[in-house]
Amino acid sequence: IKRAAAAGLSPGDDPRYDRRRRAVQRKIDAGADASAELTALAKMVASFKPTTSFLRRKLARLDAMIGRAHLSAAERARMRKASRDILRLVLADRRREASRRISNLMRQLAR
């Protein structure tokens, strides 16, 4: 999961990742050998490359979270600025960093 986060992939970003992650967790919770599932998950994470469309969907989720959050005007402005900065990263083809920043902002809003 830490490797996934470093790659810019968080729970909720990709249904395939979420299914594999849950399968690994079920095996671990059952006390079964999850090595095959962990290997498959590690390969999926290693090959993950955020696309522009992926990041657009993730930014839309972030913007929706900002819209629903009970933020002060200053906090809302700070979040909107951070969102614009992330869009600049996407345009500069720094997609992994953009995805990580989106995830960080989502975690902040979820608190």
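Details of the pattern of salt bridges
Okay, so step 1: Inspection of the entire model under this criterion finds 11 salt bridges.
Okay, so step 2: Here Asp-85 ties to Arg-88 by a salt bridge, and the two come within 2.7 Å at their closest N and O atoms. Placement of both Asp-85 and Arg-88 in helix 5 (residues 73–91) is noted, with a separation of 3 residues, approximately one turn of the helix.
Okay, so step 3: Two residues, Glu-97 and Arg-101, come together in a salt bridge whose shortest N-O distance is 2.9 Å. One end of the pair is Glu-97 and the other is Arg-101, both in helix 6 (residues 95–110) and 4 residues apart, which spans about a single turn.
Okay, so step 4: Here the residues in one salt-bridge network are Asp-13, Lys-58 and Arg-61, joined through shared partners.

Describing the side chain of Ser-83
Okay, so step 1: Locating Ser-83 in the fold gives a position in helix 5.
Okay, so step 2: Accessibility expressed as a relative area gives 9% for Ser-83, which makes it buried.
Okay, so step 3: Excluding anything up to four places from it in sequence, Ser-83 contacts Leu-59, Leu-62, Asp-63 and Leu-105.

Side note on the nonpolar core
Okay, so step 1: Tyr-17, Leu-62, Ile-86, Ile-102 and Leu-109 are the most contacted members of the largest nonpolar core, which has 25 residues in total.
Okay, so step 2: Secondary structure elements with two or more residues in this core: helix 2 (15–29), helix 3 (35–47), helix 4 (52–68), helix 5 and helix 6.
Okay, so step 3: Sort the elements by how many residues they give to this core and helix 4 lands first, with 6 residues.
Okay, so step 4: Excluding its chain neighbours within four sequence positions, the residues that come into contact with Tyr-17 are Ile-1, Ala-4, Leu-9, Ser-10, Pro-11, Leu-41, Met-44 and Val-45.

A few points about the side chain of Asp-18
Okay, so step 1: Tracing the backbone shows Asp-18 in helix 2.
Okay, so step 2: What makes Asp-18 buried here is its relative accessible area of 10%.
Okay, so step 3: Engagement of the side chain of Asp-18 in a polar contact is seen with the backbone nitrogen of Gly-12, the distance being 3.1 Å.

Focus: the packing of aromatic side chains
Okay, so step 1: With the rule as written, the count across this model stands at 1 aromatic pair.
Okay, so step 2: Judged by centre distance (5.2 Å) and plane angle (75°), the rings of Phe-48 and Phe-54 are edge-to-face.
Okay, so step 3: Phe-48 sits in the buried class, given a relative accessible area of 9%.

As for the confidence of the model for the chain
Okay, so step 1: With 100% of its residues at a pLDDT of 70 or more, the chain has an overall mean of 90.
Okay, so step 2: The secondary structure element of the chain with the lowest average pLDDT is helix 1 (residues 2–6), at 81, and the one with the highest is helix 5, at 92.

About the cut-offs
Residues numbered from 1 in each chain as written. Predicted model: local features only at pLDDT ≥ 70, side-chain atom pairs only at ≥ 80, totals over all residues. Heavy atoms only, no water. Salt bridge = Lys/Arg side-chain N within 4 Å of Asp/Glu carboxyl O. Helix = DSSP H or I, 4+ residues; strand = E, 2+ residues; numbered from the N terminus. Buried < 20%, exposed > 50% of the residue type's maximum accessible area, 1.4 Å probe, protein only. Contact = heavy atoms within 4.5 Å. Core = buried A, V, L, I, M, F, W, Y, C linked by side-chain atoms within 4.5 Å. Polar contact = N/O pair within 3.5 Å; in protein donor to acceptor, adjacent residues only side chain to side chain. Phe/Tyr/Trp six-rings, centres within 6.5 Å; stacked < 30°, edge-to-face > 60°. pLDDT = per-residue confidence, 0-100.

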